[in-house]
Amino acid sequence: MAPIKVTKICCIGAGYVGGPTCAVIALKCPHIKVTIVDLNQARVDAWNSPDFQLPIYEPGLDEVVRAARGRNLFFSTDVDKGIEEADLIFVSVNTPTKKSGVGAGFAADLNYVELATRRIATVANSSKIVVEKSTVPCRTAESMRTILEANSKPNCRFDILSNPEFLAEGTAIADLFKPDRVLIGSLQTQEGLDACAALAGVYGNWVPKDRILTVGLWSSELSKLAANAMLAQRISSINALSAICEATGANIDEVAHAVGYDSRIGPKFLKASVGFGGSCFQKDILNLVYLSESLHLPEVANYWRQVVDMNEYQKRRFSKRVVDTLFNTITGKRIAVLGFAFKADTGDTRESAAITLIKDFQSERAFVNIYDPQVPHDQIWADLAEASPLTPIDTIKKQVTICSSAMEACKNAEAVVIATEWKEFNEINWEEVYAHMNKPAFVFDGRLLVDEKKLTKIGFTVNTIGRPAQERV
Ligand SMILES: NC(=O)C1=CN([C@@H]2O[C@H](COP(=O)(O)OP(=O)(O)OC[C@H]3O[C@@H](n4cnc5c(N)ncnc54)[C@H](O)[C@@H]3O)[C@@H](O)[C@H]2O)C=CC1
Ligand SMILES: O=C(O)[C@H]1O[C@H](OP(=O)(O)OP(=O)(O)OC[C@H]2O[C@@H](n3ccc(=O)[nH]c3=O)[C@H](O)[C@@H]2O)[C@H](O)[C@@H](O)[C@@H]1O
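The rules behind the values
Residues numbered from 1 in each chain as written. Chains lettered and ligands numbered in written order. Predicted model: local features only at pLDDT ≥ 70, side-chain atom pairs only at ≥ 80, totals over all residues. Heavy atoms only, no water. Near = heavy atom within 4 Å. Polar contact = N/O pair within 3.5 Å; in protein donor to acceptor, adjacent residues only side chain to side chain. Helix = DSSP H or I, 4+ residues; strand = E, 2+ residues; numbered from the N terminus. Nonpolar A, V, L, I, M, F, W, Y, C, P; charged D, E, K, R; others polar. Domains from an automatic or database assignment. Pairing = 2+ DSSP bridges. Axes fitted to C-alpha atoms, helices over the stretch in contact; angles between N-to-C directions. Contact = heavy atoms within 4.5 Å. Buried < 20%, exposed > 50% of the residue type's maximum accessible area, 1.4 Å probe, protein only. Right-handed = clockwise from strand over helix to strand, strands pointing away.

Draft legend 1. Fine view of the site of ligand 2. Lining the immediate environment of ligand 2, one finds 20 residues, of which Phe166, Leu167, Ser273, Cys280 and Arg447 sit closest. Leu167 is positioned with one of its backbone polar atoms (N or O) 2.7 Å from an oxygen atom of ligand 2. Gly277 has a polar backbone atom sitting 2.9 Å from an oxygen atom of ligand 2. A total of four residues in the shell around ligand 2 trace back to one element, the largest contributor, which is helix α9 (residues 217-248). Looking at the shell around ligand 2 residue by residue, the class counts come to 11 nonpolar, three polar and six charged. Of the residues that make up the shell around ligand 2, three or more belong to each of domain 1 (8-207) and domain 2 (228-472).

Draft legend 2. Seen up close, the sheet that holds strand β13 (residues 442-445). Pairing within the open sheet is parallel, and its six strands lie in the order β11-β10-β9-β12-β13-β14. Pairing within the sheet leaves two strands with one partner each, and these edge strands are β11 (400-402) and β14 (461-464). Across the sheet, the mean angle separating the axes of adjacent strands is 20 degrees when strand polarity is ignored. Lying over the sheet, helix α12 (residues 298-325) contacts β9 (334-338), β12 (415-418), β13 and β14, oriented at roughly 165 degrees with respect to β13. With respect to the sheet, helix α14 (residues 377-387) is in contact with β10 (367-371) and β11, its orientation differing from that of β11 by roughly 160 degrees.

Draft legend 3. Seen up close, the pairing of β10. The element β10 is largely enclosed, with a buried count of four among its five residues. Across five bridges, the pairing between β9 and β10 is parallel. When the sheet's bridge partners are listed, Leu338 is paired in β10 with Tyr371. A crossover links β9 with its parallel partner β10, the connecting element being helix α13 (residues 353-363), and its sense is right-handed. Relative to β11, β10 runs parallel, the two being bridged by three bridges. Within the sheet, the bridge partner assigned to Ile370 lies in β11 and is Ile402.

Draft legend 4. Representation of the side chain of Ser242. Topologically, Ser242 is positioned in helix α9. Judged by its relative accessible area of 0%, Ser242 falls in the buried class. Here the side chain of Ser242 touches Asn239 through a polar contact of 2.6 Å, landing on its backbone oxygen. The residues contacting Ser242, other than those within four sequence positions of it, are Ile252, Ala272, Gln314, Arg317, Ile465 and Gly466.

What follows is the structure in structure tokens.
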């Protein structure tokens, strides 16, 4: 049989993954028409905006969309047309943690995946390769196949692939241009392998062959959860060690450096922090915990749960350190929180550690000034309202002020808390900040960002994650 040639791709879901991933496919494959569809009109409008005010902030994304949009890259709310036209469909919808029902708080909510799958079954008039791009529990492809086959029209066949995405926000375009690997899982039938070869052919336009890994469907699905769980586990491990450092006088940067020098361990992902955030680490580990429990493997479930528990502990430990250091009370004191996004170079705030810290400061009745260079103010208010559902937004607004610069946030504050490692926080004029703060002035560095010695010399008392407090000299 001649290899399947992909000429039209549809991606369902124009979010942080579907948007950048398929924009890069369009850029690198000018011979393929790529249509990204979404039910969210505002999001699609932003992708189509004449001045390229895209719905997500991602370095380099703008250039990719400028080069391909209108040529072979299209954004639309016409989901049915996108499905009908395409020979390969990515399902890149959200799979958040379930909020209610069986598995609430742990299991992935597969409702969006199911709705998208049902839509494909209803609309498709020709055979399609359907690709799971969303992160899903192991064996979700089987449910998708059952739904598609039960609802398909005669002469329509569906081949399901798993092609999880490994990009990280903030470096999405670089990751997509030069991925460590592209993983494609398929059934090991001839049809499955043919579909796999077709998708590998798409990536083959720019990804070297030896970086395209082809495996079985279930291995592919599980590998995505495993990769995120192991990355998060490294952060929880280094954060657990940071607590020992603070208590003993060891320095977490030195420990991470020494440990990471072992080529079997490696230096990446060993940066102690105020806790990992982002839409996926916690969700995917909880998903793995749920999967393990469903498989009657409680020891395995407990093992992975600890990674999330340690992360919660790290956040709480940090806010407690702020309160303890400020003479056991922050009531009525002003705390400047620098950074609200869950990491630098993104405007995404999902599960950001900053939200937990600010909530803790609010419950201690402190005043909080927030500054983030990318997160829209409306998003900050929405996140704070969601974090404290019983507190009216007007009450929150009496305690919290959103500022338009780091300097403005620090004015008249007792303490500065660095929650996100934005580069611009390296360039803060700390002498000027110090001059405008109440004394004694404290800096709590949750991201190992500031030069402790320099700040201490200025007069600050500096508390850095994973190091004992530096007293004023
Ligand atoms: N955010 C990230 O960096 C990464 C996310 N992932 C995974 O990728 C998946 C998508 O994540 P994000 O892009 O961050 O989510 P997102 O929430 O930014 O985007 C999902 C989009 O799908 C749309 N959608 C939902 N149901 C739909 C339907 N039936 N028809 C059309 N559109 C529909 C939503 O309106 C939304 O715009 C998740 O499973 C996530 O775990 C994987 C790797 C990285
Ligand atoms: O499935 C996903 O959603 C993605 O999740 C992560 O990507 P992302 O969450 O975008 O960002 P990371 O760079 O992994 O950072 C996650 C969190 O860990 C924190 N972190 C990271 C590294 C580190 O050494 N220390 C640390 O505290 C970051 O500040 C951030 O809060 C993975 O890195 C991606 O491979 C994966 O595709």
